[in-house]
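Each chain, letter by letter, is given below.
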Amino acid sequence: MSGPARLLAGSEALAAAMVAAGCRFFAGYPMTPFTEVLESMAARLPEAGGICMNAESELEAIGMCWGAAATGTRAATGSTGQGLALMQESLAEMTLARLPLVVLNMARGQGDYFQTTRGGGHGDYRLPVLAPSDVPEAVAHISLAFEWAEAWRTPVMVLGDYYLAHTHQSVAIPQGPQGPEGTSQGALARPGWALNGSSGGTGRAKLVSPLGTAKQRDGLGGQAGYDLAVHYRACAERTEAMLHAIPPRVESMFLDDAELVVVGYGTPAKYLRAAVRELRSTGARIGFVRPVTLVPFPYAEIARRVRGARAVAVYENNTGQAVQDVRLAVNGALPVEFIGGLSMDPSGFGIAPDLDVRVLRERITEVAT
Amino acid sequence: MTGRKALPIVPTDEPPACGAKLVHDFTPALVDIGAHQLCPGCGEPVAMRAIVEAVAELGRTASCVAVFGIGCSTAFSNNLDIEVVQALHGRAPSVATGVKRSRPDLAVLTVQGDGDMADEGLQEVLHAAARGERITCFMLNNGVFGETGGHMTATTVLGQRTKNTLEGRDSTRHGHPIRLANLLAQLEGAVYVARGAVDTAVNVHRTKRMVLRALRAQELGFTFVEILTMCPTGWFVETTQAPIYLAEHHAAVHSMGVLKDLEGGKDVAQ
Ligand code: SF4
């Protein structure tokens, strides 16, 4: 159930959505364009009975969330690229410790696609990534992210940016916690694996660890010896299962007779969509595809949807990163051109000059002709 | 540097007159796997024993979460029969913060080595203390990165030989040791700060009292006990000589005692 629509900045909407989704622990360190999310959480969370920590660094922010998550409290944190880089080690380890967490990656531009989708941390892990293109979708993604985080006991990332944080949009915030079962009560119950201190002295005290989530005698490695490889293998199988079970999401339009399919993700995809619409109104046979989940990336879906086209063009506001995933999806069946490029305002995180419908229309037309 | 204090040293190279209790006997309420893999003569199991016994004596066995850092003591995260979160090097005070803020009803403690806490994680413990976080942090201080093979840490004393200060730590090249307990005692959020050692039976006993007091005072603010432990392996000394080396070198710089006890009305740091 949703509340009435209100005009909110993206950051405020994200914070409201997190509180509504049952997030009761948030820790962060100021960094544009993540800062306003932290401000909003500091304003909203205490009155909802939660805790918002002004951590002294990103390392500490994610560490605090690690502890909160281990007790079964719904926790979230976030940052922008540089701060996320500091968090990656813990993110990787929390994945191995099988702890749920929602991470807002309020990126500066689209330069962090690899950091976001390839992990950036050490070891063999993946975590789901959602890339909303506007504020209402971001709000929906927050509850989805908590749902996935808990169902798969993994950190889940929501990739936003400056535009998402600062755009005001009319948006309805869901009311009350939206648990995996859609019940308001169930969502806040602490899961059975969570630590509550009470199992000590029983011979079955719980352990939450990236080195193995069960004690030696609990069967993973057997009493004969602790075997880290057994744990890593179990984690890998879990990841594999998760990546198969989460249906990749794609948005597309005008594909029926498209000769050229344009691909983009995140908030810049809104500009791209507008450019495609305008070109369609002039009769150009251009289609549009937007991967909504970046992990798992919709490889098969994109391959299917571009079938019949003559070529694919990828726009992203960087020197070319997601274009590699699109090429993997298309797998040589069609030429895939990169029509994006590095473009940013002098501050480094404002509106990119190239992110302009007129500019995008020209680039698409160039490839189409 | 402070002058060497006369410290009672109990010889450890002779069998005790009475029947000894092995370290891995621990208290059955707190250990569910008997054996640990630490070196003979290591001080960490003795320190751990003091900690878990204190938890049991305070009746907190079933309302306690321990957060472990990375080091030789990490082995205990798999041995103890109290609930444990295994954290990354340096991050235990933050993880403990998240646990305690989410579950204020629990006793929350961290166990870290000196490399973990004073090198990689120095800012974490300082901020946790400054925030007055209601947790108890233990630093098992042997002046080396024992687990990686005996390298210099921030607490290595001048003249100490380690794998990367083979001629001994030299202040002009390697800087000066950090006395972490002294640093923490100055922070207003810290209510109890003490430094003990496990080189002698007397010091083990004193340290146990410090541990008990720190855990009890946790509800008033941040509490901290630094415990000097032997690492014969990392020190290039005979196992039997390690307690003597501890007393003569480590305790001479990292001097033992209660540095702050606001619960008891004392503020030694002021
Ligand atoms: S290396 Fe040192 S600290 Fe580590 S177990 Fe051996 S003696 Fe103990």
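Our subject is the structure that appears above.
Source: prediction; values computed, not measured.

Section: the overall build of chain B
Here is step 1 of the chain: Looking only at helices and strands, chain B has 9 helices and 9 strands in total.
Here is step 2 of the chain: For chain B, the proportion of its 270 residues judged to be buried stands at 59%.
Here is step 3 of the chain: Approximately 10,100 Å² of chain B is accessible, and the part contributed by carbon and sulfur atoms is 55%.

Some words on the overall build of chain A
Here is step 1 of the chain: In terms of regular secondary structure, chain A is built from 12 helices and 15 strands.
Here is step 2 of the chain: Relative to the 2.2 N^0.38 estimate, which gives 21 Å for 369 residues, the radius of gyration of chain A is 21 Å and therefore close to what a compact globule would have.
Here is step 3 of the chain: Principal-axis analysis of the C-alpha atoms gives chain A an extent of 75 × 45 × 40 Å.
Here is step 4 of the chain: For chain A, the residues scored as buried account for 59% of the 369 residues in total.
Here is step 5 of the chain: In chain A, the proportion of contacts linking residues at least 24 apart, taken out of those at least 6 apart, comes to 76%.
Here is step 6 of the chain: Element-wise, carbon and sulfur atoms account for 52% of the exposed surface of chain A, whose accessible area totals about 13,700 Å².
Here is step 7 of the chain: Where the 31 positive side-chain charges of chain A centre and where its 35 negative ones centre are 6 Å apart.

A closer look at the packing of aromatic side chains
For any pair of aromatic rings, geometry is given as the distance between the ring centres together with the angle between the planes.
Here is step 1 of the chain: Across all of its chains, the model carries 6 aromatic pairs over all chains by this definition.
Here is step 2 of the chain: Ring geometry for F297 of chain A against Y299 of chain A: centres 4.9 Å apart, planes inclined by 50°, an arrangement best described as tilted.
Here is step 3 of the chain: Given the relative accessible area of 31%, Y299 of chain A is considered partly exposed.
Here is step 4 of the chain: Through a chain of ring-to-ring contacts, the aromatic side chains of Y113, F114 and Y265 of chain A assemble into a single cluster.
Here is step 5 of the chain: Over the aromatic face of F236 of chain B sits the side chain of R161 of chain B, whose NZ or CZ is 4.9 Å from the ring centroid.

Looking at the packing of helix α1 (residues 10–20) of chain A against helix α6 (residues 135–152) of chain A
Residue and element names in this part refer to chain A.
Here is step 1 of the chain: Where α1 contacts α6, the two axes come as close as 9 Å, and the packing angle between them is 30°. As judged from the angle between their axes, α1 and α6 are roughly parallel. For the pair α1 and α6, the crossing hand works out as right-handed. Side by side, α1 and α6 meet where G10, A13, L14, A17 and M18 of the first sit next to V135, A138, V139, I142 and F146 of the second.
Here is step 2 of the chain: Residue composition of the contact of α1 with α6, grouped by class: 9 nonpolar, 1 polar and no charged.

Examining the sheet that holds strand β7 (residues 155–161) of chain A
Here is step 1 of the chain: Pairing within the open sheet is mixed, and its 7 strands lie in the order β3-β2-β4-β5-β7-β6-β13 (chain A). Strands with a single pairing partner mark the edges of an open sheet, and in this sheet they are β3 (51–54) and β13 (293–295) of chain A.
Here is step 2 of the chain: Across the sheet, helix α3 (residues 58–70) of chain A touches β2 (25–28), β3, β4 (75–79) and β5 (101–107) of chain A, and the angle it forms with β4 of chain A is around 165°.
Here is step 3 of the chain: The strands touched by helix α2 (residues 92–102) of chain B within the sheet are β2 and β3 of chain A, with β3 of chain A carrying the most contacts at an inclination of about 155°.

Focus on the interface of chain B and chain A
One frequent convention defines the size of an interface as the accessible area lost when the parts assemble.
Here is step 1 of the chain: The partner chain A presents 42 residues to the 36 residues of chain B that form the contact.
Here is step 2 of the chain: Here chain B and chain A share an interface that buries about 3,000 Å² over both sides, 57% of which is from carbon and sulfur atoms.
Here is step 3 of the chain: Taken as a group, N78, E83 and L88 of chain B account for 21% of the area that chain B buries against chain A, more than any other trio of residues on that side.
Here is step 4 of the chain: At the boundary of chain B with chain A, the tally comes to 1 salt bridge.
Here is step 5 of the chain: When the shortest N-O distance is used, the salt bridge between E56 of chain A and R131 of chain B registers 2.7 Å.
Here is step 6 of the chain: Along the contact surface separating chain B from chain A lie 15 residue pairs in polar contact (both at pLDDT 80 or more).
Here is step 7 of the chain: Elements that contribute at least two residues to the side of chain B that touches chain A include exactly β1 (64–68), β2 (83–86), α2 and α4 (122–130) of chain B.
Here is step 8 of the chain: For the side of chain B that touches chain A, the leading source of residues is α2 of chain B, giving 7 residues.
Here is step 9 of the chain: Residues that form the side of chain B that touches chain A fall into these classes: 14 nonpolar, 13 polar and 9 charged.

Observations regarding the sheet that holds strand β15 (residues 336–338) of chain A
Residues and elements named next belong to chain A.
Here is step 1 of the chain: What the 5 strands build is an open sheet, ordered β10-β12-β11-β14-β15; its pairing is mixed. Looking at the sheet topology across the chains shown, the edges are occupied by β10 (250–253) and β15. Adjacent strand axes in the sheet meet at a mean angle of 20°, parallel and antiparallel pairs treated alike.
Here is step 2 of the chain: Seen against the sheet, helix α11 (residues 322–330) touches β11 (260–263), β14 (311–314) and β15 and runs at an angle of roughly 175° to β15.

Topic: the site of the ligand
Here is step 1 of the chain: Near the ligand you find L38, C39, C42, C72, N142, G146, C231, P232 and T233 of chain B, and these make up its full shell.
Here is step 2 of the chain: When its residues are assigned to classes, the shell around the ligand shows 6 nonpolar, 3 polar and no charged.

Remarks on the nonpolar core
Here is step 1 of the chain: By size, the foremost hydrophobic cluster in this structure holds 86 residues, and its most contacted members are L99 and V312 of chain A together with V85, L180, F222 and F224 of chain B.
Here is step 2 of the chain: Looking at this core, the element that brings in the most residues is α3 of chain A, giving 8 residues.
Here is step 3 of the chain: Discounting chain neighbours no more than four positions away, the residues touching V85 of chain B are W66, A70, L195 and V208 of chain A together with V65, A66, V67, F68, V95 and V99 of chain B.
Here is step 4 of the chain: The next biggest cluster of nonpolar side chains, apart from the first, holds 46 residues, and it includes V55, L80, A194 and M210 of chain B.

Observations regarding the pairing of β7 of chain A
Residues and elements named next belong to chain A.
Here is step 1 of the chain: Along β7, 7 of the 7 residues are buried, which leaves the element largely enclosed by surrounding structure.
Here is step 2 of the chain: Residues of β7 alternate between two faces, with P155, M157, L159 and D161 on one and V156, V158 and G160 on the opposite face, all of them buried.
Here is step 3 of the chain: Inspection of the sheet shows β5 paired to β7 by 7 bridges, in the parallel sense. Paired with L104 across the bridge in β7 is V158.
Here is step 4 of the chain: Relative to β7, strand β6 (residues 129–130) runs parallel, the two being bridged by 2 bridges.

Description of the side chain of T267 of chain A
Residues and elements named next belong to chain A.
Here is step 1 of the chain: Structurally, T267 can be placed in the loop between β11 and α9 (268–281).
Here is step 2 of the chain: Taking relative accessible area as the criterion, T267 reaches 4% and is therefore assigned buried.
Here is step 3 of the chain: Beyond its immediate stretch of four places on either side in the chain, T267 contacts P132, S133, D161, Y163 and L164.

A few points about α6 of chain A
All names here are of chain A.
Here is step 1 of the chain: Compared with the 26 Å implied by 1.5 Å per residue over 18 residues, the 25 Å span of α6 between its first and last C-alpha is a close match.
Here is step 2 of the chain: Burial analysis of α6 places 13 of its 18 residues in the buried class, the great majority of the element.
Here is step 3 of the chain: With a side-chain oxygen lying 3.0 Å from the backbone nitrogen of E137, the N-terminal cap of α6 falls on D134.
Here is step 4 of the chain: In the stretch just after α6, R153 is the one whose phi turns positive, near 50°.

Each value, and the rule that gives it
Residues numbered from 1 in each chain as written. Chains lettered and ligands numbered in written order. Predicted model: local features only at pLDDT ≥ 70, side-chain atom pairs only at ≥ 80, totals over all residues. Heavy atoms only, no water. Helix = DSSP H or I, 4+ residues; strand = E, 2+ residues; numbered from the N terminus. Buried < 20%, exposed > 50% of the residue type's maximum accessible area, 1.4 Å probe, protein only. Areas by Shrake-Rupley, 256 points an atom, 1.4 Å probe, with all protein chains shown as cover. Rg over C-alpha atoms; globule rule 2.2 N^0.38 Å. Contact = heavy atoms within 4.5 Å. Lys, Arg positive; Asp, Glu negative; His and termini not counted. Charge placed at Lys NZ, Arg CZ, Asp CG, Glu CD. Phe/Tyr/Trp six-rings, centres within 6.5 Å; stacked < 30°, edge-to-face > 60°. Lys NZ or Arg CZ within 6 Å of the ring centre and 35° of its normal. Axes fitted to C-alpha atoms, helices over the stretch in contact; angles between N-to-C directions. Parallel < 35°, antiparallel > 145°, perpendicular 65-115°, else oblique. Left-handed = near helix turned anticlockwise from the far one by under 90°. Nonpolar A, V, L, I, M, F, W, Y, C, P; charged D, E, K, R; others polar. Pairing = 2+ DSSP bridges. Buried area = accessible area lost by both parts, 1.4 Å probe. Salt bridge = Lys/Arg side-chain N within 4 Å of Asp/Glu carboxyl O. Polar contact = N/O pair within 3.5 Å; in protein donor to acceptor, adjacent residues only side chain to side chain. Near = heavy atom within 4 Å. Core = buried A, V, L, I, M, F, W, Y, C linked by side-chain atoms within 4.5 Å. Expected span 1.5 Å × (residues − 1).

Purely geometric stuff here, so don't read any function into it on its own.
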